[in-house]
Amino acid sequence: MSEQRETVAPETEVESEFDDLDVSEGPLVGIIMGSKSDWEVMEKAAKELEERGIEHEMKVASAHRDPEVVADYAKNAHRRGLKVIIAGAGLAAALPGVVAAHTTLPVVGVPLTSSASVAGGLDAMLAIAQMPPGVPVACVAVNGARNAAILAARIIDV
Ligand code: RP5
């Protein structure tokens, strides 16, 4: 009679290791912006999330200046436990749309004014709102970072 050995499928071992991982402790909302010059306005989103006790993170990366960084961030966001991404940018504000192109997570875009803005940020607002069918981005008011955070909180229902 052959020796009986308990065998565990490799998939099962991996799955049980994942069972021990607590992703609930990581950030739920990612706040990304195109430039350090956006920080002052985008901080209002962080403050709102802070007050609501919602874990979040902030990152500066430009869709035009750091395209690979932005793509990697968006591609890994779901796996890292993020539920919503808030993306703020000014001028030709491609950032929210590029993030949305690389993730199925909901993306809230914040059009920002900057020193070179046209019509007080209308350039950024149109760039964010006028997404092609199939790649949605929610768009709040120009400099509406706080509303973006409130919307993110409602999306994740906390
Ligand atoms: C955008 O260009 C940024 O989001 C920022 O609002 C604007 C100006 O950037 P800086 O020249 O101040 O870095 O990409």
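Our subject is the structure listed above.
Residues numbered from 1 in each chain as written. Predicted model: local features only at pLDDT ≥ 70, side-chain atom pairs only at ≥ 80, totals over all residues. Heavy atoms only, no water.

J.: Before we go on, may I ask you to explain the overall build of the protein chain in this structure?
T.: Helix and strand counts for the protein chain stand at six helices and five strands. For the protein chain, with 158 residues in total, the buried portion stands at 39%. Sequence separation of 24 or more characterises 66% of the internal contacts of the protein chain that already satisfy a separation of 6 or more. Of the roughly 9,400 Å² of accessible surface on the protein chain, a fraction of 51% belongs to carbon and sulfur atoms. (Helix = DSSP H or I, 4+ residues; strand = E, 2+ residues; numbered from the N terminus. Buried < 20%, exposed > 50% of the residue type's maximum accessible area, 1.4 Å probe, protein only. Contact = heavy atoms within 4.5 Å. Areas by Shrake-Rupley, 256 points an atom, 1.4 Å probe, with all protein chains shown as cover.)

J.: Would you mind going over the site of the ligand with me for this structure?
T.: The local shell around the ligand consists of Gly34, Ser35, Ser37, Asp38, Arg65, Ala89, Gly90 and Leu91. At a separation of 2.6 Å, an oxygen atom of the ligand approaches a polar side-chain atom of Asp38. Separating an oxygen atom of the ligand from a side-chain N or O atom of Arg65 is a distance of 2.8 Å. (Near = heavy atom within 4 Å. Polar contact = N/O pair within 3.5 Å; in protein donor to acceptor, adjacent residues only side chain to side chain.)

J.: In this structure, what is going on with helix α2 (residues 39-51)? I would like to understand it.
T.: Given 3.6 residues per turn, any residue in an α-helix points the same way as the ones three and four places further on. Helix length check: α2 (13 residues) gives 18 Å between terminal C-alpha atoms against 18 Å at 1.5 Å per residue, within 8%. Turning to α2, its buried residues number three or more, namely Met42, Ala45, Ala46, Glu48 and Leu49. For α2, the buried positions fall inside an angular range of 160° around the axis, keeping them on one side. In α2, the exposed positions that point more than 90 degrees away from the buried face belong to Glu40, Lys47, Glu50 and Glu51. On the buried face of α2, the contacting elements are β1 (29-33), β2 (56-60), β3 (84-90), β4 (107-112) and α6 (145-156). Gly53 occupies a position one or two residues after α2 and carries a positive phi of about 70°. (Expected span 1.5 Å × (residues − 1). Arc of directions from axis to C-beta.)

J.: I tried to follow the side chain of Asp38 on my own but got confused; where do I start?
T.: For Asp38, the location among the structural elements is in the loop between β1 and α2. Salt bridges are absent for the buried Asp38, whose nearest opposite-charge side chain, Arg65, sits at 7.5 Å. The residues contacting Asp38, other than those within four sequence positions of it, are Met33, Gly88, Ala89 and Leu112. (Lys, Arg positive; Asp, Glu negative; His and termini not counted. Salt bridge = Lys/Arg side-chain N within 4 Å of Asp/Glu carboxyl O.)

J.: I'm lost on the pattern of salt bridges in this one. Help?
T.: For side chains of opposite charge, pairing can occur when their charged atoms come near one another. Taken as a whole and judged by the stated rule, the model has four salt bridges. Linking Glu51 and Lys47 is a salt bridge whose minimum nitrogen-to-oxygen distance equals 3.2 Å. Here the residue Glu51 and the residue Lys47 both occupy positions in helix α2, the gap between them amounting to four residues, near one helical turn. Residue Glu51 is classed as exposed on the basis of its relative accessible area, which comes to 56%. Judged by its relative accessible area of 53%, Lys47 is exposed. Residue Glu57 is joined to Arg80 by a salt bridge in which the shortest nitrogen-to-oxygen separation is 2.7 Å. Note that Glu57 is positioned in strand β2 and Arg80 in the loop between α3 (67-77) and β3, a separation of 23 residues in sequence. Accessibility expressed as a relative area gives 17% for Glu57, which makes it buried. When salt bridges that share partners are traced, they join Glu48, Arg52 and Arg146 into one network.

No statement about biological role is implied by the geometric values presented.
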